[in-house]
Amino acid sequence: MGVVTASSAAPLIAAGKLRALAVTSPARSPLMPTVPTVAEQGVQGYALDQWHGLLAPAATPPAVVAKLNAAVAQIVQRPAMQAALREQGFTPATSTPREFHDMIAADMRRYGALTAAIGLRAD
């Protein structure tokens with residue numbers, strides 16, 4: 001048993017080498033639309049989604065951050081890029097730098113609390 005990305009698992013599932021029990025994301029994966037989510041399997045409120053983003057040093061001038069964000073958003077919106085990302089199991093999305101910052105901060109709070117609650121620590 002393991003928890004891996006949909007893009008890693010999909011070829012193995014298609015080849016009959018793995019059996020998918022559930023996806024951890026809030027919604028079903030476009031790569032495996034018949035595989036239910038963990039929440040659909042009865043664990044209400046469960047959602048563990050993978051994201052990717054572009055980060056810059058904290059001292060990067062806001063104008064540079066805005067220019068980078070606009071350039072990346074323009075690339076992600078290209079139909080060929082959208083198709084390539086979807087083919088790999090990703091859901092293309094863009095956000096503002098503030099929205100991305102807030103999402104990271106929320107994840108840090110969530111996983112920090114979870115780590116403390118179950119007693120995990122780095123040794």
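Heads up: the structure comes first, above all this text.
The rules we used
- Residues numbered from 1 in each chain as written.
- Predicted model: local features only at pLDDT ≥ 70, side-chain atom pairs only at ≥ 80, totals over all residues.
- Heavy atoms only, no water.
- Helix = DSSP H or I, 4+ residues; strand = E, 2+ residues; numbered from the N terminus.
- Rg over C-alpha atoms; globule rule 2.2 N^0.38 Å.
- Buried < 20%, exposed > 50% of the residue type's maximum accessible area, 1.4 Å probe, protein only.
- Contact = heavy atoms within 4.5 Å.
- Areas by Shrake-Rupley, 256 points an atom, 1.4 Å probe, with all protein chains shown as cover.
- Lys, Arg positive; Asp, Glu negative; His and termini not counted.
- Charge placed at Lys NZ, Arg CZ, Asp CG, Glu CD.
- Patch = residues over 30% accessible without salt bridge, like charges linked within 9 Å, V, L, I, M, F, W, Y side chains within 5 Å.
- Salt bridge = Lys/Arg side-chain N within 4 Å of Asp/Glu carboxyl O.
- Polar contact = N/O pair within 3.5 Å; in protein donor to acceptor, adjacent residues only side chain to side chain.

Caption draft 1: Representation of the overall build of the protein chain within the structure. The secondary structure content of the protein chain amounts to 4 helices and 0 strands. Its helices and strands in sequence order give the protein chain the pattern α-α-α-α, from N to C terminus. The C-alpha atoms of the protein chain give 17 Å as radius of gyration, which overshoots the globular expectation for 123 residues (14 Å, by more than 25%). By principal-axis analysis of the C-alpha atoms, the protein chain measures approximately 50 × 45 × 30 Å. The proportion of buried residues among the 123 residues of the protein chain is 16%. Put simply, of all contacts in the protein chain between residues at least 6 apart along the chain, 38% involve residues at least 24 apart. As presented, the protein chain carries roughly 9,300 Å² of accessible surface, and 63% of it is formed by carbon and sulfur atoms. Taken as two groups, the 10 positive and 7 negative side-chain charges of the protein chain have centres that lie 4 Å from each other.

Caption draft 2: Representation of a nonpolar patch on the surface within the structure. A contiguous nonpolar surface patch, about 310 Å² in accessible area, is contributed by Leu-54, Val-64, Leu-68 and Val-72. Mapping Val-64 onto the fold places it in helix α2 (residues 62-76).

Caption draft 3: Representation of the environment of Gln-41 within the structure. As for its position among the elements, Gln-41 is in the loop between α1 (6-14) and α2. Considering only alpha carbons, one finds Gln-41 and Val-23, 18 residues apart in sequence, at a separation of 9.8 Å. Those residues in contact with Gln-41 that lie beyond four places of it in its chain are Leu-21, Ala-22 and Pro-36. For Gln-41, the side chain forms a polar contact with the main-chain oxygen of Leu-21, separated by 2.9 Å.

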